[in-house]
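Each chain, letter by letter, is given below.
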Amino acid sequence: MLLRSLPYLLVLVLALGINFFLPRAMPGSPLLYILGEEVGRLSPEERQRVLVQYGLERPLWEQFGLYLGRLVRGDLGQSFQSRQPVLQIILERLPWTLLLSGTALLLSSGLGLLLGVLSARYRGGLLDRTSFVSAVLLDAMPGFWLGMLLIALFAVHWPLLPVYGAHTAWANLEGWAWVLDILRHLVLPALTLTLTSLAGLYLVVRYAMIDTLHQDYVRTARAKGLPERQVVFKHALRNAALPIVTLFMLGLGSLVAGAVVVETVFSYPGLGRLLYEAASARDFPVLQGLLLFFSLSVVVFNLLAEVLYTWLDPRVRHAEG
């Protein structure tokens with residue numbers, strides 16, 4: 001287990017360096033976004049005092065060393081803009097991203113699995129052709145474009161659903177009225193994210209099932225007179241599950257980071273929207289904290305996917321043994 005974790009630890013260490021230096025490679029000084037137009041009227045002494053206040057007067061390698069030292073103590077620093085701890089800001093936004101991305105992941109996984117199995121079973125039929133063309137079309141659509149199309153249809157042409165935020169501001173709702181308000185705000189961003197992530201799993205399931213349904217053991221099961229539902233879902237799907245499980249675990253890894261574009265289009269107050277706001281304001285501590293959080297989640301779930309893959313496939317266990 002330790003040997004298997006080493007490449008992931010190296011990736012995480014490399015990601016730490018990239019997460020620190022990448023925001024600082026962006027054009028524009030954070031002082032411009034902290035002080036606004038006042039930054040042009042500062043004397044050299046006042047400018048130096050502000051740089052010292054935010055820890056920006058030191059050389060980059062020294063700032064990186066201080067960042068690593070704070071990170072060891074579990075301190076992600078303070079936001080340049082709000083002066084709040086970065087960890088607190090991330091934890092405040094995290095539930096909205098988990099709600100949005102978790103809903104989309106469950107819907108896209110369930111629909112992708114069901115449609116993929118049915119397409120493979122009835123290959124060449126109307127359902128297979130319609131699903132395949134729709135999946136390819138959805139896969140080619142950028143998320144922001146699909147989101148704007150849904151806004152035009154369901155918020156402008158037919159004003160049925162809200163398009164801004166996660167709940168109605170200043171409405172003072174409670175109980176079920178508050179829950180329903182959150183669900184109404186969730187519909188369009190979750191639908192956008194579901195449709196844009198559905199095609200990948202659908203295509204993997206379809207191709208895996210087409211290959212499995214032509215195996216000898218499936219023909220043997222049919223020759224024994226087993227019901228077709230049992231042949232497809234018990235014998236074929238179980239053996240085609242490896243790439244499906246792997247793709248699902250990778251989807252879990254990108255759960256917290258996969259909604260950046262959709263959250264920005266719908267102004268949904270999750271981590272994706274926070275990343276956009278921090279990048280726009282050159283808020284280095286928040287950017288570093290978010291990128292580290294995203295990197296950590298991807299690395300952990302990739303490691304879990306590898307462990308799960310080994311557990312599910314005896315051939316991998318025997319090869320490693």
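Residues numbered from 1 in each chain as written. Predicted model: local features only at pLDDT ≥ 70, side-chain atom pairs only at ≥ 80, totals over all residues. Heavy atoms only, no water.

(A) Broad picture of the packing of helix α6 (residues 126-140) against helix α8 (residues 175-213). Where α6 contacts α8, the two axes come as close as 8 Å, and the packing angle between them is 135°. The orientation of α6 with respect to α8, classified from their angle, is oblique. Handedness of the crossing formed by α6 with α8: left-handed. Counted together, Asp128, Ser131, Phe132, Ala135, Leu138 and Asp139 of α6 and Leu195, Ala199, Tyr202, Leu203, Arg206 and Tyr207 of α8 form the full contact between these two elements. Of the residues that constitute the contact of α6 with α8, the class distribution is eight nonpolar, one polar and three charged. (Axes fitted to C-alpha atoms, helices over the stretch in contact; angles between N-to-C directions. Helix = DSSP H or I, 4+ residues; strand = E, 2+ residues; numbered from the N terminus. Parallel < 35°, antiparallel > 145°, perpendicular 65-115°, else oblique. Left-handed = near helix turned anticlockwise from the far one by under 90°. Contact = heavy atoms within 4.5 Å. Nonpolar A, V, L, I, M, F, W, Y, C, P; charged D, E, K, R; others polar.)

(B) Representation of α6 within the structure. End to end, α6 covers 21 Å across 15 residues, agreeing with the expected 21 Å (1.5 Å per residue, within 8%). For α6, the full list of buried residues reads Asp128, Ser131, Ala135 and Leu138. On an axial view of α6, the arc spanned by its buried residues comes to 110°, and they lie on one face. Structural note: α6 exposes Leu126, Arg129, Val133, Leu137 and Ala140 on the side pointing more than 90 degrees away from its buried face. Looking at the buried side of α6, the elements it contacts are α5 (86-121), α7 (143-157) and α8. (Expected span 1.5 Å × (residues − 1). Buried < 20%, exposed > 50% of the residue type's maximum accessible area, 1.4 Å probe, protein only. Arc of directions from axis to C-beta.)

(C) Local environment of the packing of α7 against α8. Where α7 contacts α8, the two axes come as close as 9 Å, and the packing angle between them is 140°. The angle between α7 and α8 places the two elements in the oblique class. Viewed along their axes, α7 and α8 form a crossing whose handedness is right-handed. On α8, the residues that touch Gly143, Leu146, Gly147, Leu150 and Phe154 of α7 are Leu188, Leu191, Thr192, Leu195 and Thr196. Of the residues in the contact of α7 with α8, the class split is six nonpolar, four polar and no charged.

(D) Representation of the nonpolar core in the model. Core analysis: the biggest nonpolar cluster contains 19 residues, and Tyr67, Leu271, Val286 and Leu290 have the highest contact counts within it. The leading source of residues in this core is helix α14 (residues 284-312), at five residues. Once residues within four sequence positions are removed from consideration, Tyr67 is found in contact with Leu16, Phe20, Gln288 and Leu292. Listed in part, the 16 residues of the second largest apolar core include Met209, Val218, Ala221 and Ala236. (Core = buried A, V, L, I, M, F, W, Y, C linked by side-chain atoms within 4.5 Å.)

Nothing here speaks to function; it is geometry throughout.
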